[in-house]
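If you want the building blocks of each chain, they are given just below.
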Amino acid sequence: MAGPQNAQDFIRALKASSDPPHVGGPPKIDIAAEAWTNTALYVPNKAEAIVEWILTRLLKDRSKDRSSTPVRDSRYWALLARVLAFPGADKHGDGGRAVRIWLVPLLNRVPVAPIILSYLESVAAEGSLDSAQHSLFTQCIGVLWPLAVPKINPETLLECFGAALQLVVVLRDPDSSDGGLQALDDRRALSLIVSSYRTALTNSGSKRKQLCALFLQKHLYSWLQVATRSTEGGGVQLTLASDIYDAGIETIFGLDILKQAADQKHESALADSLERILATAPETVLRPLPRLFASYVQAVKRHKSALFGQGSSQAPGHVAEQLQAAAMAFYGTCDALARAGEEDAFWQCRVALLEVVERENLLNLKDENAKGLLRQDGDTAVGALTTPSDAQHPDRLDCAVKILAVLTRIDYDLMSARSAAIFPRLVAIPPAIASALQYLELLLEFDSKTRNLPATIAHLSGAFSVQHLQRIPDGPQGAYNAASAGPLTSLQFFDRLSSAVHSFLTPGQVLETIGDVTRILADAYELFLEHDTKISADRGDGPRKKRKKDASAPQDHTEPEYCATSFALIARTMVVILRSVPLHTLTEDVRAEAQRLISDIYSSVAIRALKDGLTVSGRAESRHWQTALIGALRLHYGLVRAPGLDSQPLLDQEILQAMLSLTSAAGSIPELTVETFRTLLHQCSLDTLPTADVLESLLAYLEAHLPSYKTAWTGKAHTLSSDAESALALLHLLADRWLPYFDAWSTPEHRKRFAQIVTNAKLEKAHSSSSGLTVPIVITRMLHDAQFWELINIRDSFLAQLNEQTASLDKLKLAELLTATSSTPKKARHDNSHFLAAYDILLLTPPEYLPRPMQVDFLRRGFVADALASEALRSPKSKGSKTSSRQLLVVREFLRRTIAYLGNVESVMTKEFLYHLTEHASAHDQAGGTSGDDLRAVTMELIDMYQGALVRSAKKGSSKVVADLVHRYAESYTSGGSFVCNRPSLLLIDCIAREGSVKDFPTEIIQALRELYAQMLSSSLKHLSPLVTGVSHAPLDLDVLDSWSHTQILRRWLKEEVEEDIPFLGQPLSRRLLSWGGDKKQAVDLAPVVLSILLGEVQAVPSAERAERLQYVVVVYLSLVRVCGRHDAAVLESRMRTACRTFSPEDFGVLLELLFEALPVGSGLSTEDTASLIRFSAVVLRDAPESTSKICQSFTTRSLNLFANDERFTYVSSLRGEVVDFIVRQCNERPASLRVADLSSLWSILRALLTGSPTHDETTDPAIFNGAVNILSALVRLRRDLVLNTLPHLGFALRQLISCLRSLRPQLGGKQRRLVLDTLPRWLAPAHALGAAESRALARLLTTLTTKTMVRTHGADTPKPEALARPFAKHAAYVLTAYVDAVGDPLCFVAAGVRRELQPGLYALCDMLGEHNRDAMMVSALDAGGKATMKALWKEYEKQRYVGKG
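Below you will find a few notes about this structure.

**Regarding the overall build of the protein chain**
- Assigned secondary structure in the protein chain consists of 66 helices and 2 strands.
- Among the 1446 residues that make up the protein chain, the fraction classed as buried is 53%.
- Counting only contacts in the protein chain whose residues sit at least 6 apart along the sequence, the fraction spanning at least 24 positions is 77%.

Written out as structure tokens, the structure reads:
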């Protein structure tokens, strides 16, 4: 049926009682849509009629179910959006005003708020959002809401706000990436509702209390959910969640509500609502509660004048006190909620609430109620520390300690009375609780400031009392382990305690503190003796005395182990205090008294305990006496090593012999064994004990108990649990502390045994343990220490042991082994582990410390070891063994490093061994993992080293070996084997192309290479056939493509004609690679090969097409750099260098011209591509072909002019670095190509790099500074003739470099900071100043001015070596003035390390300056401060100047 034909039919259809108006006809919404789009149908006020019908329909039918309600029908919202948008309701035209004329009265008749409310509630109830429909809804609301909101009452707006809240909750956080409201348009409708509600709330006046009550009753839960997900962030644009949070805060903490709360002194309605929600959803309340409290404080501060008034009768500060009281009253309400449970979330909430109190400074010290409330929180936290060993609640313990820390920062006196109870509870806090150390640092900091350290020492010693240790579960040993791992015995706390005692203990407190420590140690030891005597008497072991027993007296059943543990822990702690007492602050008589008291402690406690435990029979076998001996030994060692004591206490021989016997006794605690050996070694250093006996016992213990690589130790003495770990700790102690003494004391036999211990260890697991120290790690660190190799006796014994351990390899003949390895794999015939372990050690041995004859011996034996390891790797029993592949890797890496160090590879490596490496190179590809990759790389490097030496020998006439090698490679291609086996031949081709041209080699080699080329071409074409027919989908074999690229390289080098059937694969392969969708690593591996193929095809095409091909190569290179990244671009550059050497001068000139045309910044490339192009230019210039010097010189000159004329090359960080690198390469590698005309560009670029800038990068780039120094150094050393004419420019550059070494003083004002920043270059960030390394580089440059150098030019005459010292003497004063100004600048400073490293260069300038010019400079150029600086510098210069007297 056709639609309405006139206006009367249209209106009648819309007002019909049924929908559709006619049976079988279209529904009303389709009729209205058709009428709107039908421009031929004239209806007066058509838009108004359609909008009124839609809004009326949405209003009346909003309560229907989801399937039938028009509110969720997108057709209605789409039509409404089209009508309201026409003819431009969102534009500022007449059409927009015309719509407003009829729309405002319409909205007064038809309320829109119920429609919006119905839509939001329906979406929230459904739980999902139709993005397209919501976008239409947002468009409509954007037009209707601003016009309708003036007629909407605040209660309805609150309902709409609540519906928006529910929608946000259902659709998750609007700021999250996975939420339903992602686009800005989606948030706009909700933002309008929230904004309108906030405006209405501000203007509602008397209704605010009613709105607050309704909000708390209906919408608080949803609002808290949104507040839970949102953050406080400080972005410029407020997010929807922040707007919602602010609206809620304005509702519950408005001025009227705060006045009501102030009058009633409570917030019962809010508290009741929060408690109701807390019972069902605690997380919803606890997470936003601290933020809610902080918002309350801010609201009270904002309205403090209206809330508390400030009349003339009120004392100053009364308003602040009232504000603090009100805030703390609300804190009490929040704290009550946070104390309603014991879960971790409740504790975290308490910490956050207290942090708000601290941040806002809410505690009034006169408010006892507030202080009592905070003390109650502190007492609760102390109570939570009662059972600190409960590992199930580490977060709760962490929160408890954080509460104490926050309370300490708020006011130390709040919990100072509980210190005696807090310290014992911190004893066994797990190490994972990092807040415990922070809390202890706070206590030490406060006690240091108040000079109350004796009280801290008393609390610390009381924490280790027996009654407190007995509360720790798992018995005495568990208490000892827990306390030793706790914060009170940690190294960080001991360092902080030592620093505090040494710095803040007053002279009047020193004797008192020493006396207290004496009493504490004596009481602890006496208590231990008392319980030990009692237990001995009960067992019948000790003397008994008859006495009358009192039945009513309590019996003390304390185990002596607890007393021993208490004494050991107290001794460990008190010795830190005794070592740190500031004896230097005392007078002579007081210092003598203090030293006497310390000596009394030593004799009455340490010596007495050692004598009682070691000399009395049977005591040293009991565990509690061993624990006490650990404490006594620690006390003894700490006191004898204490600085500032006039005399060194010594142990008598009886005790020393008993200790020596204890080291070999069975059943000793591992920790006691380590402490005993440490004490014995120290006594040996005092010459109180024969060293031979101690070293004999030490080596015997290591030989008997040193563990394998599997045993690990954490590095903490209390964790030692076995003799193996004890031996590991002793090895670490010997290597780290006593190795120089061992070198001096030991006999040759001792050193030999020690070398055997080290060399017999397996080092393959040196980096595999993450749980602590192992034997391989300790030995590896020792061998990496230069001190070990400087100890001549140990070094000689060590090398002799390695020589002896590998001497058995001399009995084997390498030729026979190589013949055996080339045959069928058999079972390994030799045990390789013994000598392969020696090569593990040799790999860590610096070659400088190996005598050359011994290096040759190890190298010769290494070839035998390689053959044996290869045989073991190929044997069926060890097939796939990772250990064997690693052993082979170690041997070959040693061979590679030693050959590279010796340099004469031809005399040490034979061609048979080379054949052995090439034949079995493919077998290493089967070894998977990192070990297989490393073995493959080292093998190829060895082959490349030897082949390079052979090629260089062939140029001198020794061609037979190279010819045989080429024939072998040609046969391998004929056999049709895997291309993996042909990698050595590719290395040979690279080497030959790198070393020279065809005319440099004998005819025999050239003929063999032609044969190799023919075989490579035939084999490659056969394997490339699938790629030729279907390059878009055929699999890419890296080895085949690499072989094909080297075939092209060899063809170009031999200058062979291009065959007609040669396929051109470069462009299809590059297109496929640039659209690569597979593994990126494979693409990175293929990139240099594809680039090499492209470069090879350039010379294979006619000359007319080469320019286009070269342009394609440049584009592909830039694209591949993007694919590979800058890190992997070095391989691409290597292929470019190889190809450029074979270019003709014409092709090379075309390439440089293409590069220069693309270099300007505005040429269409991005800055990253331009930076890559600059690097590309530097690479091709470095390896330019012959007869291209003029082309390269012209390109360099034009490039320098381009860089100098466009400031963007020095302004943009990525371009700046490449430009500096380009110039450094040209000045160092091609100095003869520089001309006088180039210097103007060079000085302009240096000026732009070093001049001041108003803007700066975020981080400093030291490479720019070093690059500028390298450029100037190259010019001074290599082109002195050019610099002579521009010495003022050189002086200016040196002044700027010295100025760059300044650092800003802290806490400068804005204008002062700007004054300095404007003088610093852009690449120098003020927060990251240059350091000593850069200053050292500049000093070398200044010193170079006085060094005689040769000018590098293309002349036949040899120039005379000269220096710039004399001509530059006229300008030295200006450079020194720059240093004086930098040092004397009141807004800057030059760090001490920077000044120290710069001194050699300054002395060189002083030497050039001379006394006459110095005096002139002092008079005319320096102020008083500058003169003082110059005098000090000249004085130091005079001290070191050589005057020719010896």
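**Overview of the pattern of salt bridges**
- Under the definition given, this model contains 60 salt bridges.
- For the salt bridge of Glu 675 with Arg 678, the shortest nitrogen-to-oxygen distance reads 2.9 Å. With Glu 675 and Arg 678 both in helix α32 (residues 670-685) and 3 residues apart, this pair spans about one turn of that helix.
- For Glu 675, a relative accessible area of 5% translates into the label buried.
- Notably, a salt bridge pairs Glu 1218 with Arg 1175, separated by 3.8 Å at the nearest N-O pair.

**Here's the deal with the packing of helix α21 (residues 419-426) against helix α23 (residues 453-463)**
- Two elements in contact, α21 and α23, have axes whose closest approach is 8 Å; the angle formed by their N-to-C orientations is 45°. The pairing of α21 with α23 is recorded here as oblique in orientation. Both α21 and α23 take part in a crossing whose hand is right-handed. From α21, Ser 419, Ala 420, Phe 423 and Pro 424 reach across to α23, where they touch Thr 456, His 459, Leu 460 and Ala 463.
- Tallied by class, the residues present in the contact of α21 with α23 amount to 5 nonpolar, 3 polar and no charged.

**Digging into the packing of aromatic side chains**
- Under the defined criterion, the tally for this structure stands at 36 aromatic pairs.
- Measuring from ring centre to ring centre gives 5.0 Å for Phe 788 and Trp 789, while their planes differ by 90°; the resulting arrangement is edge-to-face. Note on accessibility: Phe 788 and Trp 789 belong to one class, buried.
- Ring centres of Trp 789 and Phe 798 lie 5.7 Å apart, and the angle between their planes is 75°; this geometry places the pair in the edge-to-face category.
- Taking the relative accessible area as the measure of exposure, Trp 789 reaches 1% and is therefore buried.
- Residue Phe 798 is classed as buried on the basis of its relative accessible area of 1%.
- The ring of Tyr 915 has Arg 968 sitting right over it, with the charged end atom 3.9 Å from the ring centre.
- We note Arg 1322 situated over the ring of Tyr 1211; from NZ or CZ to the ring centre the distance is 3.8 Å.

**Observations concerning the nonpolar core**
- Core analysis: the biggest nonpolar cluster contains 477 residues, and Trp 223, Leu 1290 and Leu 1294 have the highest contact counts within it.
- Counting residues per element, this core draws most heavily on helix α28 (residues 560-580), at 13 residues.
- Those residues within four positions of Leu 1294 in sequence are excluded, and the remaining contacts are Leu 1272, Leu 1338, Leu 1341, Leu 1342, Leu 1345, Phe 1368 and Val 1375.
- Judged by nonpolar contacts, the second largest core, of 6 residues, contains Ala 869, Leu 888, Leu 889 and Val 938.

Rules of the game
Residues numbered from 1 in each chain as written. Predicted model: local features only at pLDDT ≥ 70, side-chain atom pairs only at ≥ 80, totals over all residues. Heavy atoms only, no water. Helix = DSSP H or I, 4+ residues; strand = E, 2+ residues; numbered from the N terminus. Buried < 20%, exposed > 50% of the residue type's maximum accessible area, 1.4 Å probe, protein only. Contact = heavy atoms within 4.5 Å. Salt bridge = Lys/Arg side-chain N within 4 Å of Asp/Glu carboxyl O. Axes fitted to C-alpha atoms, helices over the stretch in contact; angles between N-to-C directions. Parallel < 35°, antiparallel > 145°, perpendicular 65-115°, else oblique. Left-handed = near helix turned anticlockwise from the far one by under 90°. Nonpolar A, V, L, I, M, F, W, Y, C, P; charged D, E, K, R; others polar. Phe/Tyr/Trp six-rings, centres within 6.5 Å; stacked < 30°, edge-to-face > 60°. Lys NZ or Arg CZ within 6 Å of the ring centre and 35° of its normal. Core = buried A, V, L, I, M, F, W, Y, C linked by side-chain atoms within 4.5 Å.

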